[in-house]
Amino acid sequence: MFPLGTVLLPAMLLSLQVFEERYLTMLADMRASGRSELGVVLIERGSEVGGGDVRVDVGCIARIVEARRITDGRWAIGCIGDRRIEVLDWLPDDPYPRAIVRDLPDLVDADRSVHVDAEQPSSTATTFGEVESLVVRVAALASELGAPGLPELRDLDDDPVRRSYQLGVLSPLGALDRQQVLAAAGVSARLHLLRRMLLE
């Protein structure tokens with residue numbers, strides 16, 4: 001497990017600098033066993049370095065897609081968020097943070113008519129098109145204040161679950177708001193939450 005001061009969503013890219021001895025040990029164990037996934041959870045209180053932190057129980061599996069050793073002994077790791085997890089039990093942090101987890105799939109929406117196709121609008125209260133328009137509008141306002149621009153939304157996934165997470169990645173949210181997006185029960189709840197946050 002890799003507790004961080006940031007939230008990883010499925011479909012989100014994450015770069016890590018691994019330098020603490022405990023995480024170097026974890027990475028060595030992963031490489032020796034051929035594993036390429038680790039759990040990422042938000043630190044609710046405390047620091048990323050040194051341990052002794054309080055962590056949330058809903059996180060994301062990060063799949064390592066690139067790992068490069070840097071000359072001073074650190075590792076540069078490139079990951080992508082894969083799927084949600086729920087921490088069932090934290091184990092002792094010896095030699096590094098570990099937990100018993102289970103996959104936490106999105107609940108199937110009671111309204112199965114959630115569509116990403118503009119020709120077939122959803123009957124849910126909040127549609128993808130509405131949230132996508134808000135993301136573009138808020139990103140444009142943020143760029144006027146010096147924030148980086150937003151890439152075009154044409155490459156969003158056709159899968160409603162992945163697409164809802166991608167909108168969470170593109171939205172200019174803080175860590176606690178992004179944690180709520182990660183923990184939302186399903187697509188409809190996530191879209192409703194994003195709409196409210198973007199309007200605020």
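The preceding data block contains the structure.
The model shown is predicted, which means the values in this text are computed figures rather than measured ones.

**Here we look at the overall build of the protein**
And then number 1: Summing up its helical and strand segments, the protein has five helices and seven strands in all.
And then number 2: If you list the helices and strands of the protein from N to C, you get β-β-α-β-β-β-β-β-α-α-α-α.
And then number 3: In the protein, which comprises 200 residues, the share counted as buried stands at 43%.
And then number 4: Within the protein, contacts between residues separated by at least 24 positions form 60% of all contacts whose residues are at least 6 apart in sequence.

**Here's the deal with the side chain of Glu20**
And then number 1: Examined against the element boundaries, Glu20 turns out to sit in the loop between strand S2 (13-18) and helix H1 (21-33).
And then number 2: You can call Glu20 buried: its relative accessible area is 14%.
And then number 3: A polar contact of 3.1 Å, which involves the side chain of Glu20, links it to the side chain of Arg22.

**Some details on the packing of helix H4 (residues 175-183) against helix H5 (residues 187-199)**
To describe two helices that pack against each other, one gives the angle between their axes and the distance between the axes.
And then number 1: Where H4 meets H5, the closest approach of the two axes is 9 Å, and the angle between their N-to-C directions is 160 degrees. With respect to their mutual orientation, H4 and H5 come out roughly antiparallel. Note on packing geometry: the crossing formed by H4 with H5 is right-handed. Of H5, the residues touching H4 (which contributes Asp177, Gln180, Val181 and Leu182) are Arg190, Leu193, Leu194, Arg196 and Met197.
And then number 2: Among the residues making up the contact of H4 with H5, the classes are represented as five nonpolar, one polar and three charged.

**A few points about the nonpolar core**
And then number 1: If you look at the biggest cluster of nonpolar residues, it comprises 50 residues, and the most contacted ones within it are Phe2, Leu38, Val40, Ile77 and Leu167.
And then number 2: The element best represented in this core is H5, accounting for six residues.
And then number 3: Apart from residues lying up to four places away in sequence, Val40 is in contact with Phe2, Leu4, Leu8, Leu14, Gly59, Cys60 and Ala62.

**Overview of the packing of helix H3 (residues 160-170) against H4**
And then number 1: Where H3 contacts H4, the two axes come as close as 10 Å, and the packing angle between them is 180 degrees. The pairing of H3 with H4 is recorded here as roughly antiparallel in orientation. Two secondary-structure elements touch here, H3 through Tyr165, Gly168 and Val169 and H4 through Arg178, Val181 and Leu182.
And then number 2: The class makeup of the residues in the contact of H3 with H4 is four nonpolar, one polar and one charged.

**A few points about unusual backbone geometry**
And then number 1: Note the cis peptide between Asp94 and Pro95, where omega equals 10 degrees.
And then number 2: For Pro95, the location among the structural elements is in the loop between strand S6 (75-91) and strand S7 (98-103).
And then number 3: One non-glycine residue, Ala11, lies in positive phi territory at about 80 degrees.
And then number 4: With respect to the element layout, Ala11 can be found in the loop between strand S1 (2-4) and S2.

**Here we look at the pairing of strand S3 (residues 37-45)**
And then number 1: Bridge analysis of S1 against S3 gives three bridges, and the strand direction is parallel. Bridge pairing in S3 links Leu4 to Leu42.
And then number 2: Where S3 meets strand S5 (residues 58-69), four bridges bridge the pair, whose relative direction is antiparallel. Its bridge partner lying in S5, Gly39 is registered against Ile61.
And then number 3: Sheet topology places S3 next to strand S4 (residues 54-55); two bridges connect them, and they run antiparallel. Looking at S4, one finds that Ile43 is bridged to Arg55.

Cut-offs applied
- Residues numbered from 1 in each chain as written.
- Predicted model: local features only at pLDDT ≥ 70, side-chain atom pairs only at ≥ 80, totals over all residues.
- Heavy atoms only, no water.
- Helix = DSSP H or I, 4+ residues; strand = E, 2+ residues; numbered from the N terminus.
- Buried < 20%, exposed > 50% of the residue type's maximum accessible area, 1.4 Å probe, protein only.
- Contact = heavy atoms within 4.5 Å.
- Polar contact = N/O pair within 3.5 Å; in protein donor to acceptor, adjacent residues only side chain to side chain.
- Axes fitted to C-alpha atoms, helices over the stretch in contact; angles between N-to-C directions.
- Parallel < 35°, antiparallel > 145°, perpendicular 65-115°, else oblique.
- Left-handed = near helix turned anticlockwise from the far one by under 90°.
- Nonpolar A, V, L, I, M, F, W, Y, C, P; charged D, E, K, R; others polar.
- Core = buried A, V, L, I, M, F, W, Y, C linked by side-chain atoms within 4.5 Å.
- Pairing = 2+ DSSP bridges.

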